[in-house]
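The chain contents come next:
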Amino acid sequence: DKLPEVEEVIFDKTGVLTFGNPKIIASQVLIENRHWLEAAIVALEREMHHPLAEAFKAAFTPRLEPTSVTDVIVRAGLGVEGVVDGKWVVITGPKGLDFYDLNPGEAGLAHAARMRLGPEASSVMVFVGRTLAAIYAFEDALRPEVPEMLRNLGRRGLYRTLLSGDTAISVAKISQNLSLDTIRD
């Protein structure tokens, strides 16, 4: 009964307009012990069901297990943190850089690394202590039926809005050829 009153359709990007199955497309590891870092990431993401957590778990087969994982905190929209083998580890996207108390130069280093990996990709940074340990770039494919669906909604006079927690650059890349009226984060 209420459907004729609808004026706007709001879409989430990940898993709605895209397949929701991102893949790591590039990385830059800045610490020597890559195997420990991958094990720490998988340990912190083990119980998470976010698409990026699933991408990490699919990409990494740890060669070792951390001896301890404690104090795990999930912060919606920011990432996950915990103590792995006595070291504070933070997994976060660009929006978390301001939230976590990092070394002053680390946010700048993270930004520079993101630009090298591709600013249009979704990116996740991993910090050990308060030092940038790695950055990963992800990409998720657009569902093929989405462009036509959005055009059809527009022809019906519906306002089409995209909501995303990603950076403006990565959202712009996926939405550049889509018929959207508004993009919000």
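Scroll up to find the structure this text is about.
Here goes a summary of the coordinates provided. Chains are numbered independently. Their residues run from 1 in the order of the written sequence. Only residues with pLDDT of at least 70 get local features here, since the model is predicted, and only at 80 or more are side-chain atom pairs given and counted; chain-wide, interface and lining totals rely on the full set of residues. By convention in this description, side-chain values take in all heavy atoms of the structure and omit both hydrogens and water.

## A short note on the nonpolar core
Turning to step 1, where the next piece is worked out: Counting residues in each nonpolar core, the largest one holds 24 residues, and the members touching the most others are Leu37, Ile41, Phe56, Ile91 and Tyr136.
Turning to step 2, where the next piece is worked out: Strands here mean DSSP runs of E at least two residues long; helices mean DSSP runs of H or I at least four residues long; both are numbered from the N terminus. Breaking this core down by element, the ones donating at least two residues are α2 (34-45), α3 (51-59), β4 (79-84), β5 (87-92), β6 (122-128) and β7 (131-139).
Turning to step 3, where the next piece is worked out: Sorting elements by how many residues they give to this core places α2 first, with six residues. We define the nonpolar core as a collection of buried residues of types Ala, Val, Leu, Ile, Met, Phe, Trp, Tyr and Cys that are connected through side-chain atoms lying within 4.5 Å of one another. Burial here depends on accessible area, computed with a 1.4 Å probe over protein chains only, as a share of the maximum for the residue type. Under 20% is buried, over 50% is exposed, and the range in between is partly exposed.

## Remarks on the sheet that holds strand β9 (residues 182-184)
Turning to step 1, where the next piece is worked out: Two strands are counted as paired when DSSP detects at least two bridges linking them. Taken in spatial order, the three strands make up an open sheet running β1-β8-β9, and their pairing is parallel. In this open sheet, the two edge strands, each paired with only one partner strand, are β1 (8-12) and β9. Mean inter-strand twist for the sheet, computed between neighbouring axes without regard to direction, equals 25°.
Turning to step 2, where the next piece is worked out: Where β1 lies against strand β8 (residues 159-163), five bridges are found, and the strand directions are parallel. Bridging from a neighbouring strand, Glu8 pairs with Tyr159 of β8. For every element, the axis is a line fit to its C-alpha atoms; helices are fit only across the contacting stretch, and the angle between N-to-C directions ranges from 0 to 180 degrees.

## Some words on the pattern of salt bridges
Turning to step 1, where the next piece is worked out: The salt bridge definition used is simple: a Lys or Arg side-chain nitrogen within 4 Å of an Asp or Glu carboxyl oxygen. A full pass over the atoms with the stated rule returns seven salt bridges.
Turning to step 2, where the next piece is worked out: Taking the shortest distance from any N to any O, the salt bridge between Arg34 and Glu38 comes out at 3.9 Å. Pair noted here: Arg34 and Glu38 are both in helix α2, with a separation of four residues, about one helical turn.
Turning to step 3, where the next piece is worked out: Residues Glu81 and Arg75 are paired through a salt bridge, measuring 2.7 Å at the closest nitrogen-oxygen approach.
Turning to step 4, where the next piece is worked out: Judged by relative accessible area, Glu81 falls into the buried class, the value being 8%.
Turning to step 5, where the next piece is worked out: Taking the relative accessible area as the measure of exposure, Arg75 reaches 28% and is therefore partly exposed.
Turning to step 6, where the next piece is worked out: Bridged by salt links that share partners, the residues Glu148, Arg151 and Arg155 form one connected network.

## Side note on the pairing of β4
Turning to step 1, where the next piece is worked out: Pairing geometry for strand β3 (residues 69-75) and β4, over five bridges, is antiparallel. By the bridge assignment for β4, Val74 is matched with Val80.
Turning to step 2, where the next piece is worked out: From the end of β3 to the start of β4, which pair antiparallel, there are three residues, and Gly77 there has a positive phi angle of about 80°.
Turning to step 3, where the next piece is worked out: Where β4 hands over to β5, the hairpin turn is made up of two residues, of which Asp85 adopts a positive phi near 50°.

## Brief notes about the sheet that holds strand β2 (residues 23-29)
Turning to step 1, where the next piece is worked out: Sheet architecture is open: six strands sit in the order β2-β7-β6-β5-β4-β3, paired in antiparallel fashion. A single partner strand is all that each edge strand has here, and the edge strands are β2 and β3. Sheet twist, expressed as the mean angle between neighbouring strand axes with direction ignored, is 15°.
Turning to step 2, where the next piece is worked out: Throughout, a contact is declared for two residues whenever any of their heavy atoms are within 4.5 Å. Of the strands in this sheet, β2, β5, β6 and β7 are in contact with α3, which crosses β7 at around 100°.

## Here's the deal with the side chain of Thr161
Turning to step 1, where the next piece is worked out: Along the chain, Thr161 turns up in strand β8.
Turning to step 2, where the next piece is worked out: Any pair of nitrogen or oxygen atoms within 3.5 Å is treated as a polar contact; in protein, a donor-acceptor pairing is required on top of that, and neighbouring residues in sequence qualify only through side-chain atoms on both sides. Polar contacts involving the side chain of Thr161 include one to the side chain of Glu8, which spans 2.4 Å.
Turning to step 3, where the next piece is worked out: Once residues within four sequence positions are removed from consideration, Thr161 is found in contact with Glu8, Val9, Ile10, Phe11, Leu180, Thr182 and Arg184.

## Describing a nonpolar patch on the surface
Turning to step 1, where the next piece is worked out: There is a patch of nonpolar side chains on the surface, built from Val69, Val72 and Val74 and spanning about 210 Å² of accessible area.
Turning to step 2, where the next piece is worked out: If you trace the backbone, Val72 turns up in strand β3. Patch criteria: residues need more than 30% relative accessible area and no salt bridge. Like-charged residues are merged within 9 Å; nonpolar side chains of Val, Leu, Ile, Met, Phe, Trp and Tyr are merged within 5 Å. Accessible areas in this description were obtained via Shrake-Rupley with a 1.4 Å probe; residue shielding takes into account the shown protein chains only.

## Some details on the packing of α2 against α3
Turning to step 1, where the next piece is worked out: For the pair α2 and α3, the least separation of the axes is 9 Å and the interaxial angle reads 135°. The angle between α2 and α3 falls in the class oblique. Where α2 crosses over α3, the two elements pack in a sense that is left-handed. Contacts between α2 and α3 involve Ile41, Val42 and Glu45 on the former and, on the latter, Ala53, Phe56 and Lys57.
Turning to step 2, where the next piece is worked out: All amino acids are sorted into three groups, where Ala, Val, Leu, Ile, Met, Phe, Trp, Tyr, Cys and Pro are nonpolar, Asp, Glu, Lys and Arg are charged, and the leftover types, Gly among them, are polar. Counted by class, the contact of α2 with α3 contains four nonpolar, no polar and two charged residues. Between 65 and 115 degrees an angle is taken as roughly perpendicular, under 35 as roughly parallel, over 145 as roughly antiparallel, and anywhere else as oblique. In a left-handed crossing the near helix is turned counterclockwise from the far helix by less than a right angle, and in a right-handed crossing that turn is clockwise.

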